[in-house]
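Chain by chain, the residues run as shown.
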Amino acid sequence: MSEARDPLPDMTSAQPKPPMREALVDAAFELFLARGYEQTTIDDIVTLAGVGRRSFFRYFPSKEDVVFPDHERCLADMTEFLAASADTDDPVARVCDAARLVLRMYAEKPAFSVQRYGLTRQVPGLRTYEVSVVWKYERTLAEYLRVRFADRPDGKLRANVLAASVVAAHNHALRDWLRAGGEGNPTEAVDQALSFVRQTWSPDSDGPGGGHAGAESEDVVVVITKRSTPMWRVVREVESSLGEN
């Protein structure tokens, strides 16, 4: 008579449940896609997730926040990344690399990112919320750049415009990828967009375009004359020199 053996464990039931935060996000998006965002309540979400309302608000202050569950973490990562910069780092390259942290967040979950993009296009309130999220990233980049450009007379303006440029370039490429259904790797397109920013804002430039475009074609005229020489004669000599060139 053979010895009885314990039955094999049910691997399906042994699978670990997702963390509560992830379960709430999954439940929310399942309902948003099935019913619509406006028609879904927080009570609906917690019921599907099998938790109480208190658990929801432990993780998300509002229903809007469950649509953007990873941005606060990404913003914290960006802030830490910029704070770890060295004084010798190229500030333009540094903020471009910081923007790539946002890209990585989207690329980690392409299906979710595409679903969220579609949802925000349909719900005006979510578009407004998204604008506020993007502004937080831009403000973080600008604060870092204002410190790096503090010795320039146009430092504050330069920091704000450069930060906006980085965000605009990143989002241009990212949205193209999202509109295409998240197919392929968006890294190349984002790199190309950020490369354009770096070429436009070189570290030692005086403004967009590097500040050096056309510099070689500009003439510099030096006139040596006596202090007593009348101004009209000085002007004539300058005009004569320019005419010869």
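Given the structure is predicted, the values throughout are model-derived calculations rather than measurements. (Residues numbered from 1 in each chain as written. Predicted model: local features only at pLDDT ≥ 70, side-chain atom pairs only at ≥ 80, totals over all residues. Heavy atoms only, no water.)

### Let's talk about the packing of helix α6 (residues 71-83) against helix α9 (residues 124-148)
- Direction vectors running N to C along α6 and α9 enclose 5°, while the axes themselves pass 10 Å from each other. In terms of orientation, α6 and α9 fall into the roughly parallel class. Seen from α6, the contacting residues are His 71, Glu 72, Cys 74, Leu 75, Met 78, Thr 79 and Leu 82; seen from α9, they are Val 133, Lys 136, Tyr 137, Thr 140, Leu 141 and Tyr 144.
- Looking at the contact of α6 with α9, its residues break down into 8 nonpolar, 3 polar and 2 charged. (Axes fitted to C-alpha atoms, helices over the stretch in contact; angles between N-to-C directions. Helix = DSSP H or I, 4+ residues; strand = E, 2+ residues; numbered from the N terminus. Parallel < 35°, antiparallel > 145°, perpendicular 65-115°, else oblique. Contact = heavy atoms within 4.5 Å. Nonpolar A, V, L, I, M, F, W, Y, C, P; charged D, E, K, R; others polar.)

### Quick notes on the confidence of the model for the protein chain
- Taken residue by residue, the protein chain gives an average pLDDT of 84. The fraction at 70 or more is 75%.
- Here residues 1-15 is modelled with pLDDT under 50, and outside its nearest four sequence neighbours on either side it reaches 0 contacts, counting other chains as well.
- The low-confidence segment residues 209-218 (pLDDT under 50) makes 8 contacts with residues lying over four places distant or belonging to another chain. (pLDDT = per-residue confidence, 0-100.)

### Brief notes about helix α2 (residues 20-35)
- Here α2 contains 16 residues, and its C-alpha end-to-end distance of 22 Å stays within 8% of the 22 Å for a straight helix at 1.5 Å per residue.
- Every buried residue of α2 is accounted for by Ala 23, Leu 24, Val 25, Ala 27, Ala 28, Phe 29, Leu 31 and Phe 32.
- The elements touched by buried residues of α2 are α3 (42-49), α4 (53-59), α5 (63-67) and α8 (110-122). (Expected span 1.5 Å × (residues − 1). Buried < 20%, exposed > 50% of the residue type's maximum accessible area, 1.4 Å probe, protein only.)

### Observations regarding the environment of His 71
- Tracing the chain through its elements places His 71 in helix α6.
- Taking relative accessible area as the criterion, His 71 reaches 6% and is therefore assigned buried.
- The contact partners of His 71, leaving out residues within four places of it in the chain, are Met 105, Tyr 106, Arg 116, Val 133 and Tyr 137.
- Within the structure, His 71 has its side chain in polar contact with the side chain of Tyr 106 (distance 3.5 Å). (Polar contact = N/O pair within 3.5 Å; in protein donor to acceptor, adjacent residues only side chain to side chain.)

### A closer look at the side chain of Ser 85
- Mapped onto the elements of the fold, Ser 85 is located in the loop between α6 and α7 (91-108).
- You can call Ser 85 buried: its relative accessible area is 17%.
- Side chain to side chain, Ser 85 and Arg 94 meet in a polar contact 2.6 Å long.
- Once residues within four sequence positions are removed from consideration, Ser 85 is found in contact with Arg 94 and Tyr 144.

### Description of α8
- Over its 13 residues, α8 runs 19 Å from end to end, which matches the ideal 18 Å to within 8%, given 1.5 Å per residue.
- For α8, every residue scored as buried is listed here: Phe 112, Ser 113, Arg 116, Tyr 117, Leu 119 and Thr 120. When α8 is viewed along its axis, its buried side chains cluster within an angular range of 165° and face the same direction. Those residues of α8 that are exposed and aimed more than 90 degrees away from the buried face are Ala 111 and Gln 122.
- Buried residues along α8 sit against α2, α5, α6, α7, α9 and α10 (155-179). (Arc of directions from axis to C-beta.)

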